[in-house]
Amino acid sequence: MEGQDLEIVNSDPVNHNVHAECQVNAAWNESQPPRAEHKFKKFAAAEVLFPVTCSVHPWMRAYIGVSPHPFFAVTGDDGAFVLKGVPPGMYTVEAIHEKYGKKEGKLTVPASGAATVDFSYGG
Ligand SMILES: [Cu+2]
């Protein structure tokens, strides 16, 4: 979430260069030697989704999403996700796949019970 600490750990026996390729937040690119002290970074503004790469190992890539609220999830192996504690109301839910892009779905969360939104990606 915005303003939350992100802890970055290198427990490998090799050097990595951690490059947060933000567009909204300030980007950074810092070396992290083997077993170096943990780095802590914060992202001040919402930004979904940007890559974090390693310039030493071009195959290394992760993604970070910075949210202004606590209602987000990463899907499981089956593609399902759950957002708990969402207050009743009408919402737009955004799904993001790093390769296939964004999809939006609308749903109404009732005062009690659950709501469902489904997304599908071709390919
Ligand atoms: Cu690396």
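Right above here is the structure, for reference.
Residues numbered from 1 in each chain as written. Predicted model: local features only at pLDDT ≥ 70, side-chain atom pairs only at ≥ 80, totals over all residues. Heavy atoms only, no water.

A. Local environment of a nonpolar patch on the surface. Together, Val48, Leu49 and Tyr63 line one region of the surface with nonpolar side chains, adding up to about 230 Å² of accessible area. With respect to the helices, strands and loops of the structure, Tyr63 is situated in strand E6 (residues 61-66). (Patch = residues over 30% accessible without salt bridge, like charges linked within 9 Å, V, L, I, M, F, W, Y side chains within 5 Å. Areas by Shrake-Rupley, 256 points an atom, 1.4 Å probe, with all protein chains shown as cover. Salt bridge = Lys/Arg side-chain N within 4 Å of Asp/Glu carboxyl O. Helix = DSSP H or I, 4+ residues; strand = E, 2+ residues; numbered from the N terminus.)

B. Summary view of the pattern of salt bridges. Considering all chains together, one arrives at three salt bridges under this definition. Residue Lys42 pairs with Asp5 through a salt bridge whose shortest N-O separation is 3.0 Å. Remark: Asp5 occurs in the segment before strand E1 (6-8) and Lys42 occurs in the loop between strand E4 (39-41) and strand E5 (47-54); sequence separation between them is 37 residues. Classification of Asp5 by relative accessible area gives partly exposed; the value is 45%. A salt bridge links Lys39 to Glu30; the nearest nitrogen and oxygen atoms lie 3.0 Å apart. The exposure class of Lys39 is buried, given its relative accessible area of 17%. Classification of Glu30 by relative accessible area gives partly exposed; the value is 25%. In this structure, a network of salt bridges that share partners links the residues Glu30, Lys39 and Lys41. (Buried < 20%, exposed > 50% of the residue type's maximum accessible area, 1.4 Å probe, protein only.)

C. Representation of the coordination of the copper ion. Taken together, His16 (ND1), Cys54 (SG), His57 (ND1) and Met60 (SD) make up the full set of protein donors to the copper ion, lying 1.9 to 2.7 Å away. For the copper ion, the four donor atoms in the first shell make angles of 93 to 131 degrees at the metal, a pattern classed as tetrahedral. Spacing between the donor residues of the copper ion along their common chain follows H-x37-C-x2-H-x2-M. Linking His16 in strand E2 (residues 16-20) with Met60 in the loop between E5 and E6, this pair joins segments that are 44 residues apart in sequence. (Donors = N, O, S within 2.8 Å, 3.2 Å for Na, K, Ca; no water. Tetrahedral: all angles 85-135°; square planar, octahedral: opposite > 155°, others 65-115°.)

D. Broad picture of the side chain of Asn10. Along the polypeptide, Asn10 turns up in the loop between E1 and E2. A relative accessible area of 3% places Asn10 in the buried class. Engagement of the side chain of Asn10 in a polar contact is seen with the backbone oxygen of Val14, the distance being 2.9 Å. Sequence-distant contacts of Asn10, that is, excluding residues within four places in its chain, are made with Asn15, His16, Gln32, Pro33, Pro34, Arg35 and Ala36. (Polar contact = N/O pair within 3.5 Å; in protein donor to acceptor, adjacent residues only side chain to side chain. Contact = heavy atoms within 4.5 Å.)

E. Layout of the pairing of E6. As paired elements, E5 and E6 share six bridges and run antiparallel to each other. Counted as the bridge partner of Thr53 is Arg61 from E6. If you look at the hairpin formed by E5 and E6, you'll find six residues sitting between the two strands. (Pairing = 2+ DSSP bridges.)

F. A look at the sheet that holds E6. Ordered by their spatial adjacency, four strands build an open sheet running E3-E2-E5-E6, and the pairing between neighbours is antiparallel. The sheet is open, and its two edges are formed by strand E3 (28-32) and E6, each paired on a single side. The sheet shows a mean angle of 20 degrees between the axes of neighbouring strands, taken without regard to direction. Judged from the three bridges that link them, E2 and E5 form a sheet pairing that is antiparallel. (Axes fitted to C-alpha atoms, helices over the stretch in contact; angles between N-to-C directions.)

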